[in-house]
Amino acid sequence: MTTNLLEFDLDGLAAFCERLGEKRFRATQLFRWIHQRGATEFDQMSDLAKSLRGKLAGSAHVQGLPVISQHASNDGTIKWLFDVGEGNAVEAVFIPESDRGTLCISSQAGCAVGCRFCSTGHQGFSRNLTTGEIVAQLWFAEHFLRKHLKTEDRVISNVVMMGMGEPLQNYNALVPALRVMLDDHGYGLSRRRVTVSTSGVVPMIDRLAQDCPVALAVSLHAPNNLLRDNLVPLNRKYPLAELMESCNRYLEHAPRDFITFEYCMLDGVNDQPQHAQELIALVQQYRRPGVWCKFNLIPFNPFPASGLLRSPMARVTAFGKLLSDAGIVTTVRKTRGDDIDAACGQLAGDVKDRTQVVKRIAQQRMVMMAQVPSVVEPPKGV
Ligand code: SAH
Ligand code: SF4
């Protein structure tokens, strides 16, 4: 068995090369070939010594994830479904905007947190992704898009860990993957352009502050413990006060940053004026100089098993206005890629068990084949 080099951050790759008797600068060259050029064949890597290429051929490979399907929306959003084996699939979504290209990626197959409004949560937990499987989503999307758009320039400027899974429950694989994204020899993304979204794993928020303080989004969804216990079961372990305090500590490591609070708007559940007032009171308890938090109101993406409905748009706007009037910066998330079900975590929209995931994957394969002329050029297997 040879080693997949997508599993390594630069330090990991340097240690691997050292075991082959090679110096660190060789690892840097190799890392650049893989991540900046998308190379998979050691023979392509013309500035590496032939002897090193030989050693690599015997001990390593560069292997992405098989692409099950690719759907392109009319608004330019593209969703890929990747096979991670044993009937499990994870998704990544590319969202182009005029000033940025954002890739939303997954950290786990399924999720153990089990939020009521989340289709991934309803699916249950299968397994953690490895560092290589997290990185492979970015590696594939970036190089696929460059080829498709016929450009050598970077296409993906922002990464958000808002696909399937709870990234802070897969911490050991997550941190090296973040380092690959930030590394100047890798994707060279700035700390503020990489966002970890969490349902509130407090001890890991503290560790992330120490190890790799990227932008933090916290999925709040409720202004009090009673409601949040119900919507985000992890709240029973790390209640709101602890969560808010960990946000405060996070900002001590990243003083000019802000926390984004995500708030999924559920009809009649958490979208009333009194909820907005409670949120305002909660935020005001943690007053800091400048803008320390922003709210992002997310129109709920309904799926039948949730038994929940999306708040009417007028209520979302009214809720946002209450927060803004109290001086809290608030945005409403645009729904993108609606026609391809591209909202994060929406893959398993009507999935009740894993057998159905497999069925659905098979269906999507067929959909993809039927759609090839209408979608962008299908990926040539990686
Ligand atoms: N586990 C992490 C990151 C993945 S979920 C977290 O919970 O933050 C990314 C975001 O999508 C979270 O804010 C989550 O609450 C939201 N989300 C999940 N299901 C949704 C749905 N059906 N409609 C709208 N937003 C949803
Ligand atoms: Fe997991 Fe996030 Fe979905 Fe909650 S919202 S179940 S934490 S993926």
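Residues numbered from 1 in each chain as written. Chains lettered and ligands numbered in written order. Predicted model: local features only at pLDDT ≥ 70, side-chain atom pairs only at ≥ 80, totals over all residues. Heavy atoms only, no water.

### Some thoughts on the overall build of the chain
Along the backbone of the chain there are twelve helices and 14 strands. If you take every contact in the chain between residues at least 6 apart in sequence, the share linking residues at least 24 apart comes to 66%. Carbon and sulfur atoms make up 52% of the accessible area of the chain, which totals about 16,600 Å². (Helix = DSSP H or I, 4+ residues; strand = E, 2+ residues; numbered from the N terminus. Contact = heavy atoms within 4.5 Å. Areas by Shrake-Rupley, 256 points an atom, 1.4 Å probe, with all protein chains shown as cover.)

### Topic: the site of ligand 2
In the vicinity of ligand 2, the contacting residues are Cys111, Val113, Gly114, Cys115, Cys118, Gly121, Gly165, Glu166 and Ser199. Among the residues forming the shell around ligand 2, the class breakdown is four nonpolar, four polar and one charged. (Near = heavy atom within 4 Å. Nonpolar A, V, L, I, M, F, W, Y, C, P; charged D, E, K, R; others polar.)

### Some thoughts on the nonpolar core
Counting residues in each nonpolar core, the largest one holds 109 residues, and the members touching the most others are Leu5, Leu30, Trp80, Met181, Leu208, Phe261 and Phe295. When residues of this core are assigned to their parent elements, the largest contribution, nine residues, is made by helix 5 (residues 131-149). Counting the residues that make up this core, at least three belong to each of domain 1 (3-61) and domain 2 (67-376). Excluding its chain neighbours within four sequence positions, the residues that come into contact with Phe261 are Val218, Leu220, Met244, Cys247, Trp292, Cys293, Lys294, Phe295 and Asn296. (Core = buried A, V, L, I, M, F, W, Y, C linked by side-chain atoms within 4.5 Å. Buried < 20%, exposed > 50% of the residue type's maximum accessible area, 1.4 Å probe, protein only. Domains from an automatic or database assignment.)

### Details of the pattern of salt bridges
Side chains that differ in charge, positive against negative, can pair when their charged atoms come close. The final tally for this structure, using the stated rule, is 14 salt bridges. For Arg191, the salt bridge identified is with Asp257, shortest N-O distance 3.2 Å. Taken as a pair, Arg191 in the loop between helix 6 (171-182) and strand 10 (194-198) and Asp257 in the loop between helix 9 (240-253) and strand 12 (259-265) lie far apart in primary sequence, 66 residues in all. What makes Asp257 buried here is its relative accessible area of 9%. Arg249 is paired through a salt bridge with Asp206; the nearest N and O atoms lie 2.9 Å apart. Residue Arg249 is located in helix 9, and its partner Asp206 is located in helix 7 (residues 202-211); the two are separated by 43 residues in the primary sequence. Among the residues examined, Arg249 registers a relative accessible area of 34% and is labelled partly exposed. Via salt bridges that share partners, Arg191, Arg192 and Asp257 belong to a single interconnected network. (Salt bridge = Lys/Arg side-chain N within 4 Å of Asp/Glu carboxyl O.)

### Some points on the site of ligand 1
Taken together, 20 residues lie near ligand 1, and Phe117, Ser197, Ser219, His221 and Asn301 sit nearest. Separating an oxygen atom of ligand 1 from a side-chain N or O atom of Ser219 is a distance of 2.6 Å. A distance of 2.9 Å separates a nitrogen atom of ligand 1 from a polar backbone atom of Asn301. Protein chains bury 95% of the 530 Å² of accessible surface belonging to ligand 1 in isolation. (Polar contact = N/O pair within 3.5 Å; in protein donor to acceptor, adjacent residues only side chain to side chain.)

### Notes on the side chain of Arg53
Secondary-structure assignment places Arg53 in helix 3 (residues 50-59). Excluding anything up to four places from it in sequence, Arg53 contacts Phe42, Asp43, Met45, Ser46 and Leu48.

### With respect to a nonpolar patch on the surface
A contiguous nonpolar surface patch, about 230 Å² in accessible area, is contributed by Phe258, Val291 and Val329. Locating Phe258 in the fold gives a position in the loop between helix 9 and strand 12. (Patch = residues over 30% accessible without salt bridge, like charges linked within 9 Å, V, L, I, M, F, W, Y side chains within 5 Å.)

### A look at helix 9
Here helix 9 spans 21 Å end to end across 14 residues, near enough to the 20 Å set by a 1.5 Å rise per residue. Considering only its buried residues, helix 9 is in contact with helix 7, strand 11 (215-219), helix 8 (225-231), strand 12 and helix 10 (273-285). (Expected span 1.5 Å × (residues − 1).)

### Details of the packing of aromatic side chains
Scanning all chains against the criterion turns up nine aromatic pairs. Ring plane angle 90 degrees and centroid distance 5.6 Å describe the contact between Trp80 and Phe140, whose orientation is recorded as edge-to-face. Of the two residues, Trp80 sits in strand 4 (residues 78-85) while Phe140 sits in helix 5, which places them 60 residues apart along the sequence. Relative accessible area serves as the criterion here: at 5%, Phe140 is assigned to the buried category. Linked through ring pairs, Trp80, Phe82, Phe140 and Phe144 together constitute an aromatic cluster. The cationic tip of Lys294 hangs over the ring face of Phe258; the distance from NZ or CZ to the ring centre is 4.0 Å. (Phe/Tyr/Trp six-rings, centres within 6.5 Å; stacked < 30°, edge-to-face > 60°. Lys NZ or Arg CZ within 6 Å of the ring centre and 35° of its normal.)

### Some words on the environment of Glu166
Tracing the sequence through the fold places Glu166 in the loop between strand 9 (158-161) and helix 6. For Glu166, a relative accessible area of 3% gives the class buried. Taking the C-alpha atoms as reference, Glu166 lies 9.6 Å from Gly121; in sequence the two are 45 residues apart. When near neighbours in sequence (up to four residues on either side) are disregarded, Glu166 contacts Ser107, Gln108, Cys111, Val113, Ser197, Thr198, Ser199 and Val201. Within polar-contact distance, the side chain of Glu166 engages the backbone nitrogen of Leu168 at 3.0 Å.

### Re the pairing of strand 6 (residues 100-104)
The buried fraction of strand 6 amounts to four of the five residues, a majority that puts the element mostly inside the structure. The pairing of strand 5 (residues 88-97) with strand 6 spans five bridges and is antiparallel. Looking at the pairing, Glu97 lines up with Arg100 of strand 6. In this antiparallel pair of consecutive strands, strand 5 and strand 6, the connection spans two residues. In the sheet, strand 6 pairs with strand 9 via three bridges, with the strands oriented parallel. Bridging from a neighbouring strand, Thr102 pairs with Asn158 of strand 9. (Pairing = 2+ DSSP bridges.)

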